[in-house]
Amino acid sequence: MSFFGKDPEQQTGGLRNGWIHRGSPSKVLRARAAGRCKWCGNRVAWYDRHDGGRIPLAPVKFPSHRVPPRFQWSVDLGMAATGALFDWCFLAHPAICPAIEHEGLPQEFEDMVRVLGVRMRKMIDSGEFVPADPPLDETEVAEPEPAAAAGADERHVISHGSLLRICPGRIEDLRCVAEGAPGQRCERPVFHADDGRWVEVVIPPAKGRAGKLIMLTFSGRMWAWEIDPLDFREASSWMWQRCLSHASAAEVYERELVDFSTIRHHDFILRHRPAGYEPAVARREPRTVTGTSSERIICAGDGCHNGTVVEVDDGWLCWRCAPKNRRRQAVLGRLRRERVLPQPAVAVDDLTQRTPGMDAAFLPHERSDSERLVWDGVRDEDPGSPQF
């Protein structure tokens, strides 16, 4: 596909690097994230999304001016997001997968799908690739079902805000994907009864006659395990499928949570609350923060309306205004050192104590008009002379 983009494996810092950035929320090794599509056999690179899901991207960079905005993806610190960064972007593999019927693609994309289709046919004819059953849609290509979900009779759905993720089995069987003992998967479960409760949620609407039939059959509602964490660490342990002991560890095994699809997962919709769990309890009260007051203090920045209830000093600046103020003070200090702005008044006695060998005539003082003319003339005649 060199006619449209360039292969990152032929560049410095491509997919062959196997390190994790210390500031990246993604803990997936890039060497393990490179794979092949199970439906067409072409190479893909898996990247995490900020909502806890994943997306397979074509391992080729494309010039952003030749890709419509709705097809553009960018990668920053191991996380994929829609849109382009700088002059290059990525394409989601489901948008150009030859195993799917595409409609309304640009002509250059159709040529790319045709090239990938020929490559897919060659791999099938040579016997090096056996495709899976045809996918239902692009969502199935974007997040295929995990191997642990094969033959499962019951799969529970996790609800976190507006996100719905489905487990490979029962919720208590969900295991951490980090490495425990050397070469072995962590045995700790992700499930903790105190982190959530069973509630009824709205089934996401689906297009077509099948989607309408599902909504009518289940009255548009189903039971799901709602995560009710008090901090980000507990929420991320569910979304990233980690136990609390491996919150920042590298992800070694396949993540098994996928986005809930009304069409694909309608067989696992729960009409009734699952039995064998503790009764639903009310939401826990938020933790109280010490040193707070009922009065909201507004930021001292000009025109800023951010505030806090924590006890702060007078002239408090919020997280947005404080860096601006520091930069402004640094610029003012540099301008004063360069004599662009007048220096603040300094006591002569203090400078005398610091520089006892300097004549008092050279120290800052209120000069007369004649002195000012003399010193200004010296500066004009000799630009390299000391600035007074």
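Throughout, residues of each chain are indexed from 1 in the direction in which the sequence is written. Whole-chain, interface and lining totals are the exception, using all residues; otherwise, since this is a predicted model, local features are given only for residues with pLDDT of at least 70 and side-chain atom pairs are given and counted only at 80 or more. Derived side-chain values reflect all non-hydrogen atoms in the structure, with water molecules and hydrogen atoms excluded from consideration.

Draft legend 1. Quick look at the overall build of the protein. Comment: elements are numbered from the N terminus, with helices defined as DSSP H or I runs of at least four residues and strands as E runs of at least two. Across its full length, the protein carries eight helices and 14 strands. Burial statistics for the protein: of 388 residues in total, 37% are counted as buried. Shrake-Rupley sampling with a 1.4 Å probe provides the accessible areas, and residues are treated as covered by the protein chains on show and by no other component. About 23,800 Å² of surface is accessible on the protein, with carbon and sulfur atoms providing 53% of the total. Relative accessibility under 20% of the residue-type maximum defines a buried residue, over 50% an exposed one, and the middle range a partly exposed one, all with a 1.4 Å probe and only protein chains included.

Draft legend 2. Spatial organisation of the side chain of serine 64. Tracing the sequence through the fold places serine 64 in the loop between strand E4 (62-63) and strand E5 (72-76). In this structure, serine 64 is in contact with Gln72, Ala84, Phe86, Asp87, Trp88 and Cys89, ignoring residues within four places of it in sequence. A contact between two residues is defined here by any heavy atoms of the two lying within 4.5 Å.

Draft legend 3. Structural context of the environment of valine 28. Within the secondary structure layout, valine 28 lies in the segment before helix H1 (30-33). Taking the C-alpha atoms as reference points, valine 28 and tyrosine 47, 19 residues apart in sequence, are found 8.1 Å from one another.

Draft legend 4. A look at the nonpolar core. Here, nonpolar core means buried Ala, Val, Leu, Ile, Met, Phe, Trp, Tyr and Cys residues that are tied together by side-chain atoms lying within 4.5 Å of each other. In this structure, Ile158, Ile171, Trp198, Trp225 and Trp238 are the most contacted members of the largest nonpolar core, which totals 17 residues. Residues contacting isoleucine 171, with those up to four places away along its chain left out, are His156, Ile158, Phe191, Trp198, Trp225, Trp238 and Tyr277.

Draft legend 5. Expanded view of unusual backbone geometry. With a phi close to 60°, phenylalanine 86 is a non-glycine residue in the positive phi region. Residue position: phenylalanine 86 is located in the loop between strand E6 (79-82) and strand E7 (88-91). The phi dihedral of glutamine 241 is positive, around 55°, even though this residue is not glycine. With respect to the helices and strands, glutamine 241 occurs in the loop between helix H5 (232-239) and strand E12 (258-259). Under the relative-accessibility criterion, glutamine 241 is labelled buried at 0%.

Draft legend 6. Region of interest: the confidence of the model for the protein. A residue-level look at the protein finds 75% of positions with pLDDT of 70 or above and a mean pLDDT of 77. Confidence scores labelled pLDDT are given residue by residue by the predictor and lie between 0 and 100. Note on residues 286-290: pLDDT under 50 across the span, and two contacts to partners over four residues away in sequence or across chains. Taken as a whole, residues 377-382 scores under 50 in pLDDT and shows four contacts with residues more than four places along the chain or in a different chain.

Draft legend 7. Local environment of helix H2 (residues 107-126). A helix is expected to span 1.5 Å multiplied by its residue count minus one. Taking 1.5 Å as the rise per residue, H2 with 20 residues should run 28 Å; its terminal C-alpha atoms sit 29 Å apart, in good agreement. Here H2 has its buried residues at Phe109, Met112, Val113, Leu116, Met120 and Met123. Axial view of H2: buried residues confined to an arc of 100°, hence all on one face. Counted as exposed and oriented over 90 degrees from the buried face of H2: Gln107, Lys122 and Asp125. Looking at the buried positions of H2, the neighbouring elements they touch are strand E1 (34-36), E4 and E7. Glycine 127, located one to two residues past H2, shows a positive phi value of around 85°. This arc is built from the directions going out from the helix axis to the C-beta atoms.

Draft legend 8. Structural detail: the sheet that holds strand E9 (residues 163-166). Strand pairing follows a simple DSSP-based rule, namely that at least 2 bridges must link the two strands. With respect to topology, five strands assemble into an open sheet ordered E10-E11-E8-E9-E12, the strand pairing being mixed. Looking along the sheet, the strands with just one partner apiece sit at the ends: strand E10 (196-202) and E12. Pairing between E9 and E12: two bridges, direction antiparallel. By the bridge assignment, isoleucine 166 is partnered in E12 with valine 258.

Draft legend 9. Broad picture of the pattern of salt bridges. What counts as a salt bridge is simple: a side-chain nitrogen of Lys or Arg found within 4 Å of a carboxyl oxygen of Asp or Glu. With the rule as written, the count across this model stands at 15 salt bridges. The partner of aspartate 111 in a salt bridge is arginine 114, and the shortest N-O contact between them spans 2.9 Å. Of this pair, aspartate 111 and arginine 114 both sit in helix H2, separated by three residues, roughly a single helical turn. Here aspartate 111 falls in the partly exposed class, since its relative accessible area comes to 28%. Here arginine 121 and aspartate 125 are joined by a salt bridge, their closest N and O atoms 3.8 Å apart. Here arginine 121 pairs with aspartate 125, and both are found in helix H2, just four residues apart, close to one helical turn. Note on aspartate 125: relative accessible area 57%, which makes it exposed. Within the structure, one salt-bridge network assembled from shared partners comprises Arg49, Glu143, Arg165 and Asp259.

Draft legend 10. Here's a closer look at the packing of aromatic side chains. Aromatic pairs are defined between Phe, Tyr and Trp rings, using the six-membered ring for Trp, whenever the two ring centres lie within 6.5 Å; interplanar angles under 30 degrees are classed as stacked, those over 60 as edge-to-face, and all others as tilted. The tally for this structure, following the rule as stated, stands at five aromatic pairs. Judged by centre distance (5.3 Å) and plane angle (55°), the ring pair of phenylalanine 191 and tryptophan 225 falls under tilted. In this pair, phenylalanine 191 is assigned in the loop between E9 and E10 and tryptophan 225 in strand E11 (residues 221-227), connecting sequence segments 34 residues apart. Here phenylalanine 191 matches tryptophan 225 in class, with each residue buried. Arranged with centres 5.7 Å apart and planes meeting at 75°, the rings of tryptophan 198 and tryptophan 225 form a pair that is edge-to-face. Of the two residues, tryptophan 198 sits in strand E10 while tryptophan 225 sits in strand E11, which places them 27 residues apart along the sequence. The same class applies to tryptophan 198 as to tryptophan 225, namely buried. In this scheme, the term charge over a ring applies when either NZ of a lysine or CZ of an arginine sits within 6 Å of the ring centre and within 35 degrees of the ring normal. Sitting over the face of the ring of tryptophan 39, lysine 38 holds its NZ or CZ atom 5.2 Å from the ring centroid.

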